[in-house]
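Chain residues, written in single-letter form:
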Amino acid sequence: TSNGGSIQQGVLSIDVMLSLRAVSATASLSAASSSASSASSRGGRLLRASSNPPPAAAASSTPSSAANAASRRSVFLGAAMLRPLLRLAGVGVAAAAGSGINLAARAAGSVAGAGEIAKVLVDPKYPAEFPFGASEMQRYDETSDFLFYSQPRFVTHIDDAAIGALTKYYAKVFPASGSPDTAMLDICSSWVSHYPKDYKATRISGLGMNEDELKKNPILNDYVVRDLNDDATLPYPDNTFDVVTNAVSVDYLTRPLEMMKEVNRVLKPGGLAVMSFSNRCFPTKAVSIWTATGDLDHIWIVGAYYHYAQGFEAPAAEDISPAPGRSDPMYVVYARKQAA
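Residues numbered from 1 in each chain as written. Predicted model: local features only at pLDDT ≥ 70, side-chain atom pairs only at ≥ 80, totals over all residues. Heavy atoms only, no water.

**Q** Would you mind showing me how to read the overall build of the protein chain here?
**A** Of the regular secondary structure elements, the protein chain holds 12 helices and 10 strands. The proportion of buried residues among the 340 residues of the protein chain is 55%. Restricting the contact set of the protein chain to residue pairs at least 6 apart, pairs at least 24 apart contribute 76%. Approximately 13200 Å² of the protein chain is accessible, and the part contributed by carbon and sulfur atoms is 55%. (Helix = DSSP H or I, 4+ residues; strand = E, 2+ residues; numbered from the N terminus. Buried < 20%, exposed > 50% of the residue type's maximum accessible area, 1.4 Å probe, protein only. Contact = heavy atoms within 4.5 Å. Areas by Shrake-Rupley, 256 points an atom, 1.4 Å probe, with all protein chains shown as cover.)

Written as structure tokens, this is what we have:
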């Protein structure tokens, strides 16, 4: 549960339903890569969550338009694939079709546009109760996350273009640099937070898994080492922060509802929470509901975390992908804490 660590070499597409054979192959690749830090990342290869089956050989590190198109496919593709999450939501195919998502275009394999991403949370039709249980939060590798993140990796999860897009988004939504009495918190933090260069706040705190990485993060005033999958509480007083960020790590959280309740607690009234993610992950550490679904579903899932945590305004989503088909996609799901 840390946003540091990535590999831009040997990127593979994984099937939406990871087979044991595919995961075993991933584990073998991870073991091989751990001997070469230039081709490893936090003890495992960073794979692209996709509905494509794994290719026979590693693909180029530069995402193709076909790969990006496939990665955005999801259960929203058509009637047969709509059922898994729609059953959770308690709605039917007709209702989903009425959401404005172009199912025919999705079935034809077209890349989802920014409008499709935003529409997912316009009328998400969440059921009365939180739809994810222990089975959806299971991972192939249930060993301690502290073991997985024990070695520092001073590399990044996503490519430079996606990083730039996230930084630009932060610059747009953050309080003005240098604003008085401003406090920021980056959870699942690492050696870099992707905040705007020279951004200033009264306090910028980080919470992550590896102390060596946190020590190197130049923007942090203070940090805490904590595994949120072991202890989902945030060690800060109520109403402390103006903004809480989580970059490309929400897919590893096994207790997301508890964590989002804590995010709400530590935010000031009206404070902003931003969860950002791409389509890359360590499949052995990502929760099963994430590896079994696609980008549109991920928007729905992260929106559900806000919704069921309560205390937030209605969450919204934005596609900030800088160059679809030529760089890593980038999405944000965000909401503000309700005013007191």
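Read on for the rest.
**Q** What's the story with the pattern of salt bridges in this structure? I'm lost.
**A** Think of it this way: side chains of opposite charge can pair up when their charged atoms draw near. If you walk through the whole model with that rule in mind, you get 13 salt bridges. Beyond isolated ion pairs, a larger network of salt bridges with shared partners links Arg 139, Asp 141, Glu 142, Asp 145 and Lys 285. (Salt bridge = Lys/Arg side-chain N within 4 Å of Asp/Glu carboxyl O.)

**Q** Would you explain the sheet that holds strand 6 (residues 241-247) in this entry?
**A** Either a parallel or an antiparallel arrangement is found when strands of a sheet pair, and the pairing is made through backbone hydrogen bonds. Spatially, the 7 strands line up as an open sheet ordered 5-4-3-6-7-10-9, and their pairing is mixed. On the outer flanks of this sheet lie strand 5 (222-225) and strand 9 (316-319), each paired with one strand and no other. The mean angle between the axes of side-by-side strands here comes to 20 degrees, regardless of whether they run parallel or antiparallel. Pairing between strand 3 (residues 183-189) and strand 4 (residues 203-208): 6 bridges, direction parallel. Paired with Met 184 across the bridge in strand 4 is Ile 204. Packing against the sheet, helix 10 (residues 256-266) makes contact with strand 3, strand 6 and strand 7 (267-277), and its axis sits at approximately 140 degrees to strand 7. Packing against the sheet, helix 12 (residues 295-309) makes contact with strand 7, strand 9 and strand 10 (331-336), and its axis sits at approximately 20 degrees to strand 10. (Pairing = 2+ DSSP bridges. Axes fitted to C-alpha atoms, helices over the stretch in contact; angles between N-to-C directions.)

**Q** Looking at this structure, how should I read the packing of aromatic side chains?
**A** Each aromatic ring pair is characterised by the separation of its centres together with the angle its planes make. Counted under the stated rule, the structure contains 20 aromatic pairs. Between the aromatic rings of Tyr 126 and Trp 300, the centroid separation amounts to 4.8 Å while the plane-to-plane angle is 50 degrees, which identifies the pairing as tilted. Here Trp 300 lies in helix 12 and Tyr 126 lies in the loop between helix 6 (114-119) and helix 7 (145-148), a separation of 174 residues in the sequence. Judged by relative accessible area, Tyr 126 falls into the buried class, the value being 14%. Taken together, a centroid distance of 6.0 Å and an interplanar angle of 50 degrees make the contact between Phe 277 and Tyr 331 tilted. With Phe 277 in strand 7 and Tyr 331 in strand 10, this residue pair connects regions lying 54 residues apart in the sequence. We note that Phe 277, like Tyr 331, is buried. Among the aromatic side chains, those forming a connected cluster through ring pairs are Tyr 126, Phe 130, Phe 132, Trp 300, Tyr 305 and Tyr 308. (Phe/Tyr/Trp six-rings, centres within 6.5 Å; stacked < 30°, edge-to-face > 60°.)

**Q** Is there a simple way to think about the layout of surface pockets in this case?
**A** Think of a ball as big as a water molecule: rolled over the atoms, this probe shows where empty space is left. In this structure, the second largest pocket spans a volume of roughly 240 Å³. In terms of lining, the second largest pocket is formed by 16 residues, of which the most central are Pro 196, Asp 198, Tyr 199, Pro 218 and Ile 219. Of the residues that constitute the lining of the second largest pocket, the class distribution is 9 nonpolar, 4 polar and 3 charged. (1 Å grid on protein atoms, 1.4 Å probe; cavity = no way out; pocket = protein on both sides within 12 Å on 5 of 7 lines; lining within 4 Å. Points joined across faces, edges and corners; volume = space filled by probe spheres on them. Nonpolar A, V, L, I, M, F, W, Y, C, P; charged D, E, K, R; others polar.)

**Q** What am I meant to see in the nonpolar core here?
**A** The nonpolar side chains of a soluble globular protein tend to be buried, and buried together. Ranked by internal contacts, the top residues of the largest apolar core, which has 45 residues, are Leu 234, Met 260, Val 263, Ile 299, Tyr 306 and Phe 312. Among the secondary structure elements, those contributing two or more residues to this core are strand 3, strand 6, helix 10, strand 7, helix 11 (288-291), helix 12 and strand 10. Considering every element that reaches this core, the biggest residue donor is helix 12, with 10 residues. The next biggest cluster of nonpolar side chains, apart from the first, holds 23 residues, and it includes Tyr 199, Ile 219, Val 248 and Ile 320. (Core = buried A, V, L, I, M, F, W, Y, C linked by side-chain atoms within 4.5 Å.)

**Q** Can you help me understand the pairing of strand 3 in this one?
**A** The side chains of a regular strand alternate between the sheet's two faces. Judged by how many residues are buried, strand 3 sits mostly within the fold: 7 of 7 residues are covered. In terms of strand pairing, strand 3 meets strand 6 through 4 bridges, oriented parallel. When the sheet's bridge partners are listed, Asp 186 is paired in strand 6 with Thr 245.

**Q** What's the story with the environment of Thr 284 in this structure? I'm lost.
**A** Looking at the element boundaries, Thr 284 is found in the loop between strand 8 (280-281) and helix 11. Separated by 32 residues in sequence, Thr 284 and Tyr 252 place their C-alpha atoms 9.5 Å apart.

**Q** Hey, could you run me through the packing of helix 10 against helix 12 in this one?
**A** Each pair of packed helices can be described by the angle between their axes along with the distance between the axes. One can describe the packing of helix 10 onto helix 12 by two numbers: an axis separation of 9 Å at closest approach and a directional angle of 60 degrees. Between helix 10 and helix 12, the interaxial angle falls into the category oblique. As for the relative orientation of helix 10 and helix 12, their crossing is right-handed in sense. Every residue of helix 12 that contacts helix 10 at Pro 256, Leu 257, Met 260 and Lys 261 is listed here: Tyr 305, Tyr 306, Tyr 308 and Ala 309. (Parallel < 35°, antiparallel > 145°, perpendicular 65-115°, else oblique. Left-handed = near helix turned anticlockwise from the far one by under 90°.)

**Q** What is the right way to read the side chain of Asn 210 from this model?
**A** Relative to the helices and strands, Asn 210 resides in the loop between strand 4 and helix 9 (211-216). Overall, the relative accessible area of 5% leaves Asn 210 in the buried class. At a separation of 2.9 Å, a polar atom in the side chain of Asn 210 contacts the main-chain carbonyl oxygen of Tyr 149. (Polar contact = N/O pair within 3.5 Å; in protein donor to acceptor, adjacent residues only side chain to side chain.)

**Q** What should I look at first to understand unusual backbone geometry in this one?
**A** Glycine aside, a negative phi is what most residues show, and trans is what most peptide bonds show. At His 194, a residue that is not glycine, the phi angle is positive and equals roughly 65 degrees. Along the chain, the position of His 194 falls in the loop between strand 3 and strand 4. Residue His 194 is classed as buried on the basis of its relative accessible area, which comes to 6%. Here Gln 310, not a glycine, exhibits a phi torsion of approximately 65 degrees, which is positive. In this structure, Gln 310 sits in the loop between helix 12 and strand 9. By relative accessible area, Gln 310 is classed as exposed at 59%.

All we've got here are geometric facts, nothing functional implied.
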